[in-house]
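Residue-level listing of the chains:
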Amino acid sequence: MTIWNLGSINADMIYDVPHLPGPGETLSANRLDRFLGGKGANMSVAAARAGTRVAHIGAVGPDGRWAQDRLTEYGVDTRYIAGVEVPTGHAIIAVDAQGENNIILFPGSNHAITPGQLGQALSSAERGDLLVMQNETNLQVEAAEMGRDLGLTVCYAAAPFQADAVKAVLPFLDFLILNEVEAEQLRKVTGQLVTDLDVEHVIVTLGSKGARYYHRGAASDFPAHKVQAVDTTGAGDTFTGYVLAGMDRGMPMAQAISQANRAAALMVTRHGTADVIPDLKEVREAQFD
Ligand code: RIB
């Protein structure tokens, strides 16, 4: 099976700062690193490192060839990434001493994906494949509708969260992942609790507390592993990529989520995004308290 990921590709400029800057503040960073990132690229790399075949549908500008090459190097099928005349997306990320972050996104080429490109990519998909989207590209609704019509398992990671964007894809979804604050925001917009949604699989992430999984409304909890976090950036994407990989490989959901919890716990102990996502061997061998 294949995971088709309509996903963003960013250059992540990660600034190590003593604290997150406030309004009007000028702050010196201790260090700057560039990583491959974007919620989409992070999920593709996570799913590939979890042992699944992943085809990424996206776009990079003339300055983004390196990002596409790196995705290829990490085992992602990049034949469906278009080269466009719009600068590649980037993210300016501040990470403080506690590992918390804030992120400024420049969408760039992530919003230059064409319907023709999407249709051509998905014409190679097979019934039973997974399709995943996040909220950092254009064409989410078109992709979700196409995915449903093709008999794909349609998945949505509601990040960065916008209630209207989730509402628009909701009728097509088999899987939704969001955090607890977002679940409450979605309730305000739709009037529905997560248990009322007509979506077979819903995961509500609970940060350092772990995740709650709802299968047709019935809940089970998956506590997080306790680790010393140095950088939480990309941990949620790693979790989602590992869950999707588990689903794609036919794992019971409980096993997929437990493995994803281990991957996310390991990820927060590392600085950086896609380039440092742990592989399956590291995830299986990690020791937690
Ligand atoms: O979730 C982390 C990601 O958000 C970063 O890689 C950044 O590019 C933004 O998309």
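Our subject in this report is the structure included herewith. (Residues numbered from 1 in each chain as written. Predicted model: local features only at pLDDT ≥ 70, side-chain atom pairs only at ≥ 80, totals over all residues. Heavy atoms only, no water.)

This part is about unusual backbone geometry. Here Ala 159 and Pro 160 are connected by a cis peptide whose omega angle stands at -10°. Note that Pro 160 resides in the loop between strand 9 (153-157) and helix 5 (163-169). In this model, Leu 139 sits at a positive phi of 65°, which is unusual for a non-glycine residue. Tracing the backbone shows Leu 139 in the loop between strand 8 (130-133) and helix 4 (140-149). (Helix = DSSP H or I, 4+ residues; strand = E, 2+ residues; numbered from the N terminus.)

So, about the site of the ligand. Asp 12, Gly 38, Lys 39, Glu 136 and Asp 237 are the nearest of the 15 residues found near the ligand. In the complex, 96% of the free accessible area of the ligand, which totals 280 Å², lies under the protein chains. Looking at the shell around the ligand, the elements with two or more residues in it are strand 2 (10-16), helix 1 (39-49), strand 6 (89-95) and strand 7 (101-106). Here the shell around the ligand is built from residues that sort into 4 nonpolar, 7 polar and 4 charged. (Near = heavy atom within 4 Å. Areas by Shrake-Rupley, 256 points an atom, 1.4 Å probe, with all protein chains shown as cover. Nonpolar A, V, L, I, M, F, W, Y, C, P; charged D, E, K, R; others polar.)

In this section: the pattern of salt bridges. Inspection of every chain in the model, using the stated rule, returns 12 salt bridges. Close ionic contact of Arg 53 with Asp 77 constitutes a salt bridge, the shortest N to O distance being 2.8 Å. You can see Arg 53 sitting in strand 4 (residues 53-60) and its partner Asp 77 sitting in the loop between helix 2 (65-73) and strand 5 (81-83), a full 24 residues away along the chain. Exposure remark for Asp 77: the relative accessible area of 13% places this residue in the buried category. Glu 285 serves as the salt-bridge partner of Lys 281, at 3.4 Å between the closest nitrogen and oxygen. A residue pair is termed a helical-turn pair when its members lie 3 or 4 positions apart in one helix, as Lys 281 and Glu 285 do in helix 9 (residues 280-285) at 4 residues. Looking at Glu 285, the relative accessible area reads 49%, which means it is partly exposed. Linked through salt bridges whose partners overlap, the residues forming this network are Arg 53, Asp 77 and Arg 79. (Salt bridge = Lys/Arg side-chain N within 4 Å of Asp/Glu carboxyl O. Buried < 20%, exposed > 50% of the residue type's maximum accessible area, 1.4 Å probe, protein only.)

Here we come to the packing of aromatic side chains. Inspection of every chain in the model, using the stated rule, returns 1 aromatic pair. Of note, Arg 34 hangs over the ring of Trp 66, and the distance from its end group to the ring centre comes to 3.8 Å. When the ring centre of Tyr 74 is taken as reference, the NZ or CZ atom of Arg 49 above it lies at 4.5 Å. (Phe/Tyr/Trp six-rings, centres within 6.5 Å; stacked < 30°, edge-to-face > 60°. Lys NZ or Arg CZ within 6 Å of the ring centre and 35° of its normal.)

Considered for burial, the residues of helix 6 (residues 180-190) that qualify are Glu 182, Ala 183 and Leu 186. Relative to the axis of helix 6, the buried residues are bounded by an arc of 105° and lie together on one face. What points out from helix 6, more than 90 degrees from its buried face, is the exposed set Val 181 and Lys 188. Residues of helix 6 that are buried make contact with helix 5, strand 10 (175-179) and strand 11 (201-205). (Arc of directions from axis to C-beta. Contact = heavy atoms within 4.5 Å.)

Pairing is mixed in the open sheet, where 9 strands are placed in the order 5-4-1-8-9-10-11-12-13. Pairing within the sheet leaves two strands with one partner each, and these edge strands are strand 5 and strand 13 (218-223). Across this sheet, the average inter-strand angle for adjacent strands is 20°, counted without regard to direction. One ladder, built from 6 bridges, connects strand 12 (residues 210-215) with strand 13; its direction is antiparallel. When the bridges of strand 13 are listed, Arg 212 appears paired with Asp 221. Along the sheet, helix 8 (residues 253-267) contacts strand 10, strand 11, strand 12 and strand 13; its crossing angle with strand 13, the most-contacted strand, is approximately 30°. (Pairing = 2+ DSSP bridges. Axes fitted to C-alpha atoms, helices over the stretch in contact; angles between N-to-C directions.)

Position of Asn 135 among the secondary structure elements: in the loop between strand 8 and helix 4. Using a relative accessible area of 13% as the deciding quantity, one classes Asn 135 as buried. At a separation of 3.1 Å, a polar atom in the side chain of Asn 135 contacts the side chain of Gln 140. Setting aside chain neighbours within four positions, we find Asn 135 in contact with Gln 140, Tyr 156, Ala 157, Ala 159, Pro 160, Phe 161, Gln 162 and Ala 165. (Polar contact = N/O pair within 3.5 Å; in protein donor to acceptor, adjacent residues only side chain to side chain.)

The pairing of strands in a sheet happens through backbone hydrogen bonds and is either parallel or antiparallel. Ordered in space as 3-2-6-7, the 4 strands form an open sheet in which the pairing is mixed. Here the strands that pair on one side only, and so sit at the sheet edges, are strand 3 (31-37) and strand 7. Averaged over all neighbouring strand pairs, the angle between strand axes comes to 20°, with direction disregarded. Sitting on the sheet, helix 2 is in contact with strand 2 and strand 3, with an inclination near 65° to strand 3.

Leu 36, Phe 175, Ile 203, Phe 239 and Val 243 are the most contacted members of the largest nonpolar core, which has 57 residues in total. Ranked by residues supplied to this core, first place goes to helix 8 with 8 residues. Once residues lying within four places of it in the same chain are set aside, the contact partners of Phe 175 are Val 154, Cys 155, Tyr 156, Val 199, His 201, Ile 203, Val 243, Leu 244, Met 247 and Met 253. Counting 41 residues, the second-largest nonpolar core is a separate cluster that includes Ala 121, Ala 143, Leu 178 and Ala 183. (Core = buried A, V, L, I, M, F, W, Y, C linked by side-chain atoms within 4.5 Å.)

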